[in-house]
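Here are the chains, one letter per residue:
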Amino acid sequence: MLPWRQPAACLLLVALLVGILPCRHVANAALPTPAAAAGLHRHPDGAAPALRSLKHLQGAGRGSRVAGVAELKRHMGRFGYMRPGAEHDDAFDDHMEAAVKRYQSRLGLPVTSRLDPATLGRITSPRCGVSDGRGAVVMSDSAASRFTFFDGKPRWTGPGPIVLTYSVSSAATVSYLPPEAVRAAFRSAFARWAKVIPVEFVEIDEDYSYHEADVRVGFYEGDHGDGSPFDGEKGVVAHAYGPEDGRLHLDAAEHWTLDVDSETEGSALDLESVATHEIGHTLGLGHSSSPEAVMYPYINFGERKVELSGDDIEGVQLLYGSNPRFRHEQHDPSPSVSPGRRNWLGSVSFVCVVLVMLLTHL
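Once a new chain begins, its residue numbering starts again from 1 and follows that chain's sequence as written. Local features in a predicted model are, by the rule used here, given only for residues with pLDDT of at least 70; side-chain atom pairs are given and counted only at 80 or more, and totals for whole chains, interfaces and linings are based on all residues. Excluding hydrogens and water, the side-chain figures rest on all heavy atoms present in the structure.

Asker: Can you walk me through the packing of aromatic side chains in this structure?
Answerer: For any pair of aromatic rings, the description rests on two quantities: the centre-to-centre distance and the angle between the ring planes. Between rings of Phe, Tyr and Trp, where Trp is taken as its six-membered ring, a pair exists when centres lie within 6.5 Å; planes separated by under 30 degrees are stacked, by over 60 edge-to-face, and by other angles tilted. In the structure shown here, the tally under the stated rule is seven aromatic pairs. Measuring from ring centre to ring centre gives 4.9 Å for Phe 190 and Phe 201, while their planes differ by 45°; the resulting arrangement is tilted. Residue Phe 190 is located in helix α5 (residues 179-194), and its partner Phe 201 is located in strand β3 (residues 199-203); the two are separated by eleven residues in the primary sequence. By the burial criterion, Phe 190 is buried, and Phe 201 matches it. Seen in terms of ring centroids, Tyr 296 and Tyr 298 are 6.3 Å apart; in terms of plane orientation they differ by 55°. Their pairing is tilted. Note on accessibility: Tyr 296 and Tyr 298 belong to one class, buried. Here the aromatic residues Tyr 81, Tyr 103, Tyr 296 and Tyr 298 are joined through ring pairs into a cluster of three or more. Placement of a positive charge over a ring is assigned whenever Lys NZ or Arg CZ falls within 6 Å of the ring centre and within 35 degrees of the normal to the ring plane. The cationic tip of Arg 127 hangs over the ring face of Tyr 298; the distance from NZ or CZ to the ring centre is 4.9 Å. Looking at Arg 247, its charged tip hangs above the ring of Tyr 241, at a distance of 4.2 Å from the centre. In DSSP terms, a helix is any run of H or I states spanning at least four residues, a strand is any run of E spanning at least two, and both are numbered starting from the N terminus. Categorising residues by exposure relies on relative accessible area from a 1.4 Å probe, with only protein chains included: less than 20% of the type maximum marks a residue as buried, more than 50% marks it as exposed, and the intermediate range marks it as partly exposed.

Asker: Would you take a moment to explain the environment of Gln 317 for this structure?
Answerer: Tracing the chain through its elements places Gln 317 in helix α8 (residues 310-320). Counting along the chain gives 124 residues from Gln 317 to Trp 193, while the straight-line C-alpha distance between them is 9.9 Å. Nitrogen and oxygen atoms within 3.5 Å of one another constitute a polar contact, given that in protein one can donate a hydrogen and the other can accept it, and given that sequence-neighbouring residues count only through two side-chain atoms. Looking at Gln 317, its side chain comes within polar contact range of the side chain of Ser 322, at 3.3 Å.

Given below as structure tokens:
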């Protein structure tokens, strides 16, 4: 054996091990971590004017004073980000900085603690009227889970298989959408949830008994008697109440569409997408911090978002169990072993092969 072979083999082995260990560190660092879960009311908070434009607040941070910060503080308080007792003035104080930081962290935005363009753009996007904070709980050990439940983890119950009735009002509606097409959109939205949980949704004729349905759907404007008035176009687009209340309200001031692909109106909202989100609330789900989830609190104009994500499915199945006919791997084809884990295992195998070859030739 040549005298340099053994030291060279050792050096090669050390180099391989040194090279692979950082790979494992990077893979672990890339794993998603859950955002801090804030609480949710069972009921949406009171109304506030829709935020139209906040461009003049861009760049504002702690220590600045800009007209409009007071309005933004009220908005942050409404959705659970401002601490109780904070002053609603135009000073960007410590309370406001903490609220912005919580908001950015929870919604997957860069945490700058300032009103940067990404944060202002998100704040002024269409959103659900249910609060993101105060009372929500996360009930999963999965590091990738971002879903929440309403305080107390309410759910629909029954002596046997759960059957929920729903009705779409033909009186509280918008005139430009065909009633049957609206009902079809809701049938499709309810079916998406029924596919993954053992709950049957049955539509009942409004003339038969709208007010006796478990879930009652209607379009309303402004103050409509539930203590949570809508704020007009391009603000809060809908809200819903958890089990076993069942009210699901959409803002009639918004421009709703049944086909976003053929829509020419730039501020059109896809009805089925919003319906799918709000039905999640009627089942007991709060908001998710995963932007891919149906239960994320924001939606963009012209966006169609109806497919339940793995996060949505995991959350609702923790409440109701899984539909026996549902196969999760068909719905969510993500691998059971993460790419980082596969890379680590593959690298270990490579090192073992090289080690055997070196020992064989020593």
